[in-house]
Amino acid sequence: MRKNIVAGNWKMNLTLSEAQALVTEITSLVAAEAAGSTVEVVVCPPFPLLSAVGQQLPQGGMLHLGAQNCHQKESGAYTGEVSARLLASVGCEYVILGHSERRQYFREDDEQLSQKLKAALAAGLKPIFCVGESLETREADDTFDYIGRQLKDGLFHLSNEEFAQVVVAYEPIWAIGTGKTATSQQAQEVHAFIREQIARAYSAEAALNTTILYGGSANAQNARELFGQTDVDGGLIGGASLKARDFTEIIKSF
Ligand code: PGA
């Protein structure tokens, strides 16, 4: 059965000392939750902080380490880039791929994302693959077609075994960092659609077993209602993951 996951996407925020202070606080706040909790918590710091943050996370606990991106090649002359293998070697278990900020600012397309997915899986990382529509697409009533295409062109080329490692995140672009959350009904509608597409591309069982996260201005106030939806299995949290109390409240929302 699928897992509930709360992942914190720190984006390009926090220095080493700030990150260490945040992790210390999160660790102590979730300590009480950890026993018996089925929620997996993932923190995704910027590259230079991964190793230090990873070492700070209690072994075998509910906190796991993730990266925000990786390069598609295993190694080589790609100045400034970081491979999936390198991420795995510093303790990463997850990697966010296809975030709308990567697609928009760094022109990552389906072809490149397909290669990144393969590279991540080959290195033993679990990809958190993001999809989501712009406001323009939503207003043009094209949301379902658009997301259907993102899934088909970016993700559904994976084999059954590979797909079983993937977490999907639905992040409507108009809700990211804007304070404008999708209503729980809007989120549920798209999550159910994504699950249906997975069932068609793979199997009903694969669809049931896939964790689908919601992202976009999720916070301590709205998480309970969002996570209460049948097909919402957790969240990919940006802004609110930088505040220990807010992030912990979100984790406790299940
Ligand atoms: P937000 O970001 O929670 O700040 O809207 C979410 C994300 O981009 O993953």
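Residues numbered from 1 in each chain as written. Predicted model: local features only at pLDDT ≥ 70, side-chain atom pairs only at ≥ 80, totals over all residues. Heavy atoms only, no water.

Draft legend 1. Region of interest: the side chain of Ser241. Within the element layout of this structure, Ser241 appears in the loop between strand S8 (234–237) and helix H12 (244–251). Here the side chain of Ser241 touches Gly238 through a polar contact of 2.7 Å, landing on its backbone oxygen. Look past the residues within four positions of Ser241 in its chain and what remains in contact with it is Gly8, Asn9, Trp10, Leu22 and Phe247. (Helix = DSSP H or I, 4+ residues; strand = E, 2+ residues; numbered from the N terminus. Polar contact = N/O pair within 3.5 Å; in protein donor to acceptor, adjacent residues only side chain to side chain. Contact = heavy atoms within 4.5 Å.)

Draft legend 2. Main features of the pairing of strand S1 (residues 4–9). Along S1, 5 of the 6 residues are buried, which leaves the element largely enclosed by surrounding structure. In the sheet, S1 pairs with strand S2 (residues 39–44) via 6 bridges, with the strands oriented parallel. By the bridge assignment for S2, Gly8 is matched with Val43. As judged from the 4 bridges shared by S1 and S8, these two strands associate in the parallel manner. When the bridges of S8 are listed, Ala7 appears paired with Leu236. (Buried < 20%, exposed > 50% of the residue type's maximum accessible area, 1.4 Å probe, protein only. Pairing = 2+ DSSP bridges.)

Draft legend 3. Fine view of the layout of surface pockets. By volume, the largest pocket amounts to about 390 Å³. In this structure, the largest pocket is lined by 14 residues; those nearest its centre are Lys11, Met12, Gln68, Arg102 and Phe106. When residues in the lining of the largest pocket are grouped by element, the largest group, 3 residues, is from helix H4 (residues 100–105). Looking at the lining of the largest pocket residue by residue, the classes come out as 7 nonpolar, 4 polar and 3 charged. In this structure, the second largest pocket encloses a volume near 310 Å³. Lining the second largest pocket are 19 residues, and of these Ala164, Gln165, Val166, Asn209 and Thr210 lie nearest its centre. Broken down by secondary-structure element, the contributors of at least two residues to the lining of the second largest pocket are helix H8 (160–163) and helix H10 (204–209). When residues in the lining of the second largest pocket are grouped by element, the largest group, 3 residues, is from H10. Class assignment for the residues of the lining of the second largest pocket results in 9 nonpolar, 6 polar and 4 charged. (1 Å grid on protein atoms, 1.4 Å probe; cavity = no way out; pocket = protein on both sides within 12 Å on 5 of 7 lines; lining within 4 Å. Points joined across faces, edges and corners; volume = space filled by probe spheres on them. Nonpolar A, V, L, I, M, F, W, Y, C, P; charged D, E, K, R; others polar.)

Draft legend 4. Main features of the pattern of salt bridges. Scanning the model with the defined rule gives 14 salt bridges in all. Arg195 is the salt-bridge partner of Asp231, the closest N and O atoms lying 2.5 Å from each other. One end of the pair, Asp231, is in the loop between helix H11 (223–227) and S8; the other, Arg195, is in helix H9 (residues 184–201), and 36 residues separate them in sequence. An identical accessibility class is assigned to Asp231 and Arg195; each is buried. A salt bridge links Arg200 to Glu196; the shortest N-O distance between them is 3.7 Å. One end of the pair is Arg200 and the other is Glu196, both in helix H9 and 4 residues apart, which spans about a single turn. Its relative accessible area of 64% is what places Arg200 among the exposed residues. Beyond isolated ion pairs, a larger network of salt bridges with shared partners links Arg2, Arg195, Asp231 and Asp233. (Salt bridge = Lys/Arg side-chain N within 4 Å of Asp/Glu carboxyl O.)

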